[in-house]
Amino acid sequence: MECRVLSIQSHVVRGYVGNKSATFPLQVLGFEVDSINSVQFSNHTGYAHWKGQVLTAEELNVLYEGIKLNNVNHYDYVLTGYSRDTSFLEMVVDIVQELKKTNPSLVYVCDPVMGDHGAMYVPESLLPVYRDKVLPVADILTPNQFEAELLTGRKMYTEKDAVEVMDLLHEMGPETVVLTSTDLPSKHGDKFLVALGSQKIVRPDGTKTTKKIRMEMPKVDAVFVGTGDLFAAMLLAWTHHHPKDLKPVKRQSQLCIMSLRGP
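Anyway, here's the lowdown on the structure attached to this text. (Residues numbered from 1 in each chain as written. Predicted model: local features only at pLDDT ≥ 70, side-chain atom pairs only at ≥ 80, totals over all residues. Heavy atoms only, no water.)

**A short note on the sheet that holds strand β8 (residues 140–141)**
Here is the rule: Strands were regarded as paired on the criterion that DSSP finds at least two bridges between them. Secondary structure follows DSSP: runs of H or I at least 4 residues long count as helices, runs of E at least 2 residues long count as strands, and numbering of each begins at the N terminus.
Pairing is mixed across the open sheet formed by nine strands, whose spatial order is β3-β2-β1-β4-β5-β8-β9-β10-β11. The open sheet has two edge strands, β3 (52–54) and β11 (208–218), and neither has a second partner. Looking at chain direction, strand β9 (residues 176–182) and strand β10 (residues 192–202) are connected through five bridges and run antiparallel. Residue pairing for β10: Thr-176 is matched across the bridge by Gln-199.

**Notes on the pattern of salt bridges**
Here is the rule we go by: When a carboxyl oxygen of Asp or Glu is within 4 Å of a side-chain nitrogen of Lys or Arg, the pair counts as a salt bridge. When a residue's accessible area, from a 1.4 Å probe over protein chains only, is under 20% of the maximum for its type it is buried; when over 50% it is exposed; and in between it is partly exposed.
Using the criterion set out here, one finds 13 salt bridges in the structure. The closest approach of N and O atoms between Glu-65 and Lys-68, which form a salt bridge, is 3.2 Å. Of this pair, Glu-65 and Lys-68 both sit in helix α2 (residues 57–69), three residues apart, which is roughly one turn of the helix. By relative accessible area, Glu-65 is classed as partly exposed at 28%. What you see here is one network of salt bridges that share partners, running through Glu-2, Arg-4 and Asp-34.

Printed below as a string of structure tokens:
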């Protein structure tokens, strides 16, 4: 049975981030992917120079209206990443809400791309839009530590702090929260990265529970871009196969990322 994803992320001419990181791997795993580019840049913004265009809310709406007029606006998942415009992000929320009315079982996977290592690389005006408008409609959220701290206003110094932050994020909307990377200490030493996840689940008897997972992976002494975009896409893919069990979802997603290192 066809499973279709609407992916709204960045596009770059050179390199692999955003839709260039997410689309092909999802297609390899059997998903049909319709891509809308939130920006079209020469390269990612980590370079000294970059040029390009930012899609406006009006332009996004025109593209979506074209899809809707042809009655092909039927999706199982929405995946969003990098955006630089507040009105664009608000239009994304409107689209997600409309798609959920058509398909109440649609799952919205949001990677709230705002920054890392204590610095924002998008306009600060996006933060309240993510916090107040995007999170209430998101089903799965994949922030890094810095983004989770921005969204909740809480710092993470310990694993207990991280669990409390994930619980706060649950209260803001998403049923599943994955902290894709943290600076929390690993029992294996400083050469390992700690990632955490939390998933709210309804048991067969109707009672509710929350599952927490913790995973560690070896750090690679290099700088990478696009890995967060790929991780969010793989989390979507494996959630499709294991919707109620976050541990294999996160493990398979991490294996996909680690396989990029080669043998």
